[in-house]
Amino acid sequence: MKRLTILAALTASAIAMAAPADLNRGKKIATDVCAACHAIDGNSAIAMYPKLSSQSSVYIAKQTLAIKASKRNSGNSPAMTPMVQNMSDSDILDVAAYYAAQQPKAGEANPKQNPELG
């Protein structure tokens, strides 16, 4: 498992160095595919979906590639799998870079509703 995680990170890093991310394309993908759960700007108002705004693009890409490869099954990963199956590595890097460039909005978890988040 550790080797696959490292491989996914190296793949994401290699692709990221090969070509610059296209933020406009990333925004389109975010709007068309990701916004229902993560919001267009990455500031999901639904506690069960992670806020992606200003997260590291390498981290977002690494996690998304792991989900696509069925190597990450925690949380809502199984629900995300069909969303990312048809995305190319370039698509994933573009949307990861787009979300990384977004500004986070204030918010908090309610520990009584979501003790695992609180």
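Predicted, not measured: the structure shown is a model, and the values here were computed from it.

Helix and strand counts for the protein chain come out as five helices and zero strands. Buried positions account for 31% of the 118 residues belonging to the protein chain. Considering only residue pairs separated by 6 or more positions, the protein chain has 71% of its internal contacts joining residues 24 or more positions apart. Accessible surface, the protein chain: about 7400 Å² in total, of which carbon and sulfur atoms supply 58%.

The next thing to look at is unusual backbone geometry. Peptide bonds are trans in most cases, and residues, glycine excluded, mostly fall at negative phi. The residue Ser54 is not glycine, and still its phi comes out positive at about 65°. With respect to the helices and strands, Ser54 occurs in the loop between α2 (23-38) and α3 (57-68). Even without glycine at this site, Ser70 takes up a positive phi of about 60°. Position of Ser70 among the secondary structure elements: in the loop between α3 and α4 (77-84).

The next thing to look at is the nonpolar core. Among the nonpolar cores identified, the biggest contains 16 residues, and Ala30, Ile60, Ala61, Met87, Ile92, Val95 and Tyr99 are the most heavily contacted of them. Sorting the residues of this core by element identifies α2, α3 and α5 (89-100) as the ones contributing at least two each. Among the elements that take part in this core, α5 stands out by supplying six residues, more than any other.

In total, this model carries zero disulfides according to the counting rule given. Counting only cysteine sulfurs, Cys37 is the nearest neighbor of Cys34, a cysteine outside any disulfide, at a range of 8.8 Å.

For His38, the position within the fold is in helix α2. Among the polar contacts listed, one links the side chain of His38 to the backbone oxygen of Pro50, at a separation of 3.0 Å. Excluding residues that lie within four positions of it along the chain, His38 makes contacts with Asn43, Ser44, Tyr49, Pro50, Leu52, Met80 and Tyr99.

On to the packing of aromatic side chains. What the rule picks out here adds up to one aromatic pair. Each ring, one from Tyr98 and one from Tyr99, has its centre 5.6 Å from the other, and the planes form 55°; the classification is tilted. Across the pair, exposure class does not vary: Tyr98 and Tyr99 are buried alike.

If you walk through the whole model with that rule in mind, you get five salt bridges. Note that Arg25 is salt-bridged to Asp91, the shortest N-O span being 2.1 Å. Of this pair, Arg25 sits in helix α2 while Asp91 is found in helix α5, placing the two residues 66 residues apart along the sequence. Since its relative accessible area comes to 13%, Asp91 is described here as buried. With a closest N to O distance of 2.4 Å, Arg25 and Asp94 form a salt bridge. Here the residue Arg25 occupies a position in helix α2, and Asp94 occupies one in helix α5, the gap between them amounting to 69 residues. You can call Arg25 partly exposed: its relative accessible area is 34%. The exposure class assigned to Asp94 is buried, which follows from its relative accessible area of 5%.

How each quantity is defined
Residues numbered from 1 in each chain as written. Predicted model: local features only at pLDDT ≥ 70, side-chain atom pairs only at ≥ 80, totals over all residues. Heavy atoms only, no water. Helix = DSSP H or I, 4+ residues; strand = E, 2+ residues; numbered from the N terminus. Buried < 20%, exposed > 50% of the residue type's maximum accessible area, 1.4 Å probe, protein only. Contact = heavy atoms within 4.5 Å. Areas by Shrake-Rupley, 256 points an atom, 1.4 Å probe, with all protein chains shown as cover. Core = buried A, V, L, I, M, F, W, Y, C linked by side-chain atoms within 4.5 Å. Disulfide = S-S within 2.5 Å. Polar contact = N/O pair within 3.5 Å; in protein donor to acceptor, adjacent residues only side chain to side chain. Phe/Tyr/Trp six-rings, centres within 6.5 Å; stacked < 30°, edge-to-face > 60°. Salt bridge = Lys/Arg side-chain N within 4 Å of Asp/Glu carboxyl O.

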